[in-house]
Amino acid sequence: MSSNTPCVDCNQHDTCRSLLLDTPAPQITLAMNLKELNAVQDLVEGTLFQLNLDSYLDKMCDGQDD
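Residues numbered from 1 in each chain as written. Predicted model: local features only at pLDDT ≥ 70, side-chain atom pairs only at ≥ 80, totals over all residues. Heavy atoms only, no water.

Novice: For this particular structure, what's the right way to read the confidence of the model for the protein?
Specialist: The predicted structure's coordinates, where accompanied by low pLDDT, should not be read in detail. When the pLDDT values of the protein are averaged, the result is 82; 74% of them are 70 or greater. Per-element confidence in the protein is highest for helix H1 (residues 34-60), whose mean pLDDT is 92, and lowest for strand S1 (residues 19-22), whose mean pLDDT is 86. (pLDDT = per-residue confidence, 0-100. Helix = DSSP H or I, 4+ residues; strand = E, 2+ residues; numbered from the N terminus.)

The following block contains the structure:
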């Protein structure tokens, strides 16, 4: 994210879809703006947090479901 700088002459920094996000599928690349990229980052970080929390709680509860 830090390596992507907006165009100098552009005044549409928030809506310009000039950022390309590679996906695990080599045939798919997503074009998005900075706001969308931040939303994707937030989604990924939140998902990873939830997965780690679930794993931690399973270990603490010895994998028992109530």
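Having seen the model, we can carry on.
Novice: Got a minute to help me understand the pairing of strand S2 (residues 29-32) in this structure?
Specialist: A regular strand places its side chains so that they alternate between the two faces of the sheet. Note: S1 against S2, 4 bridges, orientation antiparallel. Each bridged residue has a counterpart across the sheet, and for Leu21 the counterpart in S2 is Leu30. Taken together, S1 and the strand that follows it, S2, pair antiparallel across an intervening segment of 6 residues. (Pairing = 2+ DSSP bridges.)

Novice: Sorry if this is basic, but what is going on with H1 here?
Specialist: Note that an α-helix has 3.6 residues per turn; residues three or four places apart therefore point the same way. Its 27 residues place the ends of H1 39 Å apart at the C-alpha level, agreeing with the 39 Å of an ideal helix rising 1.5 Å per residue. Backbone nitrogen of Lys35 and a side-chain oxygen of the N-cap are separated by 3.1 Å at the start of H1; the cap is Asn33. Looking one or two residues past H1, Asp62 carries a phi angle of roughly 55°, positive in sign. (Expected span 1.5 Å × (residues − 1). Polar contact = N/O pair within 3.5 Å; in protein donor to acceptor, adjacent residues only side chain to side chain.)

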